[in-house]
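Overview (structure and organization)
Read off the chains here:
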Amino acid sequence: METITKPDLYWTLITHEDWNMHIAATSEGLCFVGSQNYPFEELSVWAHARFPGSTLIRDDERLQTYMEELIEYLSGTRKSFTMPFDYRGTPFQMAVWNALHTIPYGHTQSYSDIAQQIQRPAAVRAVGAAIGANPVLITVPCHRVIGKSGALTGYRGGMDMKTKLLQLEQDGMIADGDPH
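None of these values were measured; they are calculated from a predicted model. (Residues numbered from 1 in each chain as written. Predicted model: local features only at pLDDT ≥ 70, side-chain atom pairs only at ≥ 80, totals over all residues. Heavy atoms only, no water.)

**With respect to the overall build of the protein chain**
Summing up its helical and strand segments, the protein chain has six helices and six strands in all. The helix and strand sequence of the protein chain, counted from the amino end, reads β-β-β-α-β-α-α-β-α-α-β-α. Computed over its C-alpha atoms, the radius of gyration of the protein chain comes to 16 Å, within 12% of the 16 Å expected for a compact globule of 180 residues. Summarising its shape, the C-alpha atoms of the protein chain cover approximately 50 × 40 × 25 Å along the three principal directions. Counting over 180 residues, the protein chain shows a buried share of 46%. At a minimum sequence separation of 6, the contacts of the protein chain that also span at least 24 residues come to 58%. As displayed, the protein chain offers around 9,100 Å² of accessible surface, 53% of which is attributable to carbon and sulfur atoms. Of the charged side chains in the protein chain, 14 are positive and 20 negative; the average position of the first set lies 9 Å away from that of the second. (Helix = DSSP H or I, 4+ residues; strand = E, 2+ residues; numbered from the N terminus. Rg over C-alpha atoms; globule rule 2.2 N^0.38 Å. Buried < 20%, exposed > 50% of the residue type's maximum accessible area, 1.4 Å probe, protein only. Contact = heavy atoms within 4.5 Å. Areas by Shrake-Rupley, 256 points an atom, 1.4 Å probe, with all protein chains shown as cover. Lys, Arg positive; Asp, Glu negative; His and termini not counted. Charge placed at Lys NZ, Arg CZ, Asp CG, Glu CD.)

If you want it as structure tokens, here you go:
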């Protein structure tokens, strides 16, 4: 009988200006970015559901590189991420999350656009559900997905966080001389 090992989950708290977010990684890469100003319980509940039996270990040093990239993004000096990821989902969720990586910094797409991109045009609601299950906010840019009408729609981190992230990117585009 094969033994399945449960990965340790290493976590830390990012604190930058008015941003406080818990993040977690396995030895393979970043697996969780929490919502702005949510308690540790958000990470704990997620970890017990996604990695049952795993141990949560605070390790600020191990997560330093992840923290640095996220703080650079929040400071407006980073537009893409180079860190490794270890997010896990169904094949459909993975297709959606991979499609999110193609949305350029400072731009948005609709749920319909993502459904078309993954060649499942009738699966707009399922795309929305997959986006809502994205475990790595910001780094897998689900905040860049809006309604077909251009309206801001739901976000796991809350609408205030989504609005702040989109504004941060718009400000970064303007600073770079790109009005889009």
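**Points about the pattern of salt bridges**
Applying the stated criterion to the full structure yields nine salt bridges. For aspartate 18, the salt bridge goes to lysine 164, with nearest N and O atoms at 3.0 Å. Here lysine 164 lies in helix H6 (residues 159–175) and aspartate 18 lies in the loop between strand E1 (9–16) and strand E2 (19–25), a separation of 146 residues in the sequence. On the basis of relative accessibility, which here comes to 28%, the residue lysine 164 falls in the partly exposed class. Residue glutamate 169 is joined to arginine 144 by a salt bridge in which the shortest nitrogen-to-oxygen separation is 2.9 Å. Of this pair, glutamate 169 sits in helix H6 while arginine 144 sits in the loop between helix H5 (124–132) and strand E6 (145–146), placing them 25 residues apart in sequence. You can call arginine 144 buried: its relative accessible area is 5%. When salt bridges with common partners are traced through the structure, they connect Asp18, Asp160 and Lys164 into a single cluster. (Salt bridge = Lys/Arg side-chain N within 4 Å of Asp/Glu carboxyl O.)

**Topic: the nonpolar core**
Ile23, Val96, Leu100, Val127 and Ile138 are the most contacted members of the largest nonpolar core, which has 43 residues in total. Elements with a minimum of two residues in this core: E1, E2, strand E3 (30–33), helix H2 (64–74), helix H3 (91–100), helix H4 (111–117), H5 and H6. For leucine 100, the contacting residues outside a window of four places in its chain are Ile114, Ile131, Val140, Pro141, Cys142 and Val145. Core analysis: the next-biggest nonpolar cluster, separate from the first, contains nine residues, Trp11, Trp46, Ala47 and Phe51 among them. (Core = buried A, V, L, I, M, F, W, Y, C linked by side-chain atoms within 4.5 Å.)

**A closer look at the environment of alanine 99**
Relative to the assigned elements, alanine 99 resides in helix H3. Spatially, the C-alpha atom of alanine 99 lies 14 Å from that of alanine 126, the residues being 27 residues apart in sequence. Setting aside its immediate chain neighbours within four residues, alanine 99 contacts Ile114, Gln117 and Ile118.

**Quick word on the sheet that holds strand E4 (residues 56–58)**
In spatial order, the strands read E3-E2-E1-E4; together these four strands make up an open sheet with mixed pairing. Among the strands making up the open sheet, the edge pair consists of E3 and E4. Pairwise comparison of adjacent strand axes, ignoring direction, gives a mean angle of 30 degrees for this sheet. For E1 and E2, the ladder comprises seven bridges, and the chain directions are antiparallel. Bridging across to E2, histidine 16 finds its partner in tryptophan 19. (Pairing = 2+ DSSP bridges. Axes fitted to C-alpha atoms, helices over the stretch in contact; angles between N-to-C directions.)

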